[in-house]
Amino acid sequence: MRSESIAQCLSQHRRKAFHTVCHALIPCRRSGFFEEWARTGYTGLSLERVAQTAGVGKAALYRRWPDKVSMASDLLSQVGLTMTDVEERGSLEADLQAVLLAIRRVLRHPKVRRILTDLHAEIERTPALETAIRPFQRARRERIDGLIDRAIKRRELSPLVDREMAADLIAAPLYWRLAVVGGRSDRDYIKRLARVIGAALRAGEL
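Throughout what follows, the structure given in this document is the object of discussion. (Residues numbered from 1 in each chain as written. Predicted model: local features only at pLDDT ≥ 70, side-chain atom pairs only at ≥ 80, totals over all residues. Heavy atoms only, no water.)

**Re the side chain of Thr126**
Here Thr126 is to be found in the loop between helix H7 (110-122) and helix H8 (127-153). Judged by relative accessible area, which is 16%, Thr126 ranks as buried. Among the polar contacts listed, one links the side chain of Thr126 to the side chain of Glu122, at a separation of 2.5 Å. (Helix = DSSP H or I, 4+ residues; strand = E, 2+ residues; numbered from the N terminus. Buried < 20%, exposed > 50% of the residue type's maximum accessible area, 1.4 Å probe, protein only. Polar contact = N/O pair within 3.5 Å; in protein donor to acceptor, adjacent residues only side chain to side chain.)

**Here we look at helix H9 (residues 163-181)**
Compared with an ideal rise of 1.5 Å per residue, which puts 19 residues at 27 Å, H9 spans 26 Å between its outermost C-alpha atoms and is within 8% of the ideal. Remark: the principal bend of H9, roughly 35 degrees, maps to Tyr175. Where H9 is buried, its residues touch helix H6 (92-107), H7, H8 and helix H10 (187-203). Capping the start of H9, Asp162 holds a side-chain oxygen 3.2 Å from the backbone nitrogen of Glu164, two or three residues further along. Gly182 sits one or two residues past H9 and shows a positive phi near 80 degrees. (Expected span 1.5 Å × (residues − 1). Bend = angle between axes of the 7 residues up to and from the residue. Contact = heavy atoms within 4.5 Å.)

**Brief notes about the packing of aromatic side chains**
For the structure on display, the rule yields three aromatic pairs. With a centroid separation of 5.8 Å and 80 degrees between ring planes, the pair formed by Phe33 and Phe34 is classed as edge-to-face. Judged by relative accessible area, Phe33 falls into the buried class, the value being 1%. Aromatic rings pair up to connect Phe33, Phe34, Trp37 and Tyr42 into one cluster. Of note, Lys68 hangs over the ring of Tyr42, and the distance from its end group to the ring centre comes to 4.5 Å. (Phe/Tyr/Trp six-rings, centres within 6.5 Å; stacked < 30°, edge-to-face > 60°. Lys NZ or Arg CZ within 6 Å of the ring centre and 35° of its normal.)

**A look at the environment of Ala151**
Turning to its location among the elements, Ala151 is positioned in helix H8. Residue class for Ala151 comes out buried when judged on its relative accessible area of 0%. For Ala151, the residues in contact, after removing those within four places along its chain, are Leu92, Glu156 and Leu157.

Structure representation (C-alpha cells):
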C-alpha cells in the first residue's frame, strides 16, 4: 500500500472514532458543532461557524436550536448517554471494568478531552450551560445506579452505600488521569483501577 493511502486510512480511522463518539451517523451539522467546539472552545463558538464547518445553512441550525446553549444541551446529552451504558457482566469488578472501558473510549480522543475540560471550565462562567447539561449528568448517574443495584442484589455491596459518593469515585480517577494529567490507561491499569474502586466501595458504607 502506498504511503499516501496509509496516511489516508489513518486519517479516516481517527475521524471515524471521533464521529462515532459524537454520533456522526446523525446529520453532519452535529459533528460540525463538536469539531468547532474542539477548535475554538465554547466561548469562541458561533452557530454561523458551525454551519460553515458542517456545510449547511444557518437557517437549518436555528430551526433546531435557537442558540448554542440549546445545541450543546441536545448534543452533550446524546454523548453522555453512551459513556456508561453497559450491560451486566456478572460481578462488581467486571461491571466496573466495563464502565471504565466505556469512559476510556470517550476520553482517549483528544478532541473529546478538549471539549469536556472546556465544558467544566465554562460552567462557572455560563450558569445556563450547567442547567442545560444537568439531564445528561442525571442519566449517567442512573446508569451507575444500575451498576450499584446489581452489586447490592448480588450481595457484593451494602444497601446503605452512599450512591453519590460512589458515582464520583467510579468516574473521577480515570477522568483525572486522562483529561487532566494526560496519563495513559492500558487494560491492566483499568483492571487494577476496577479492583481498587471495588475495594473502596466494599470497605464501608461510604
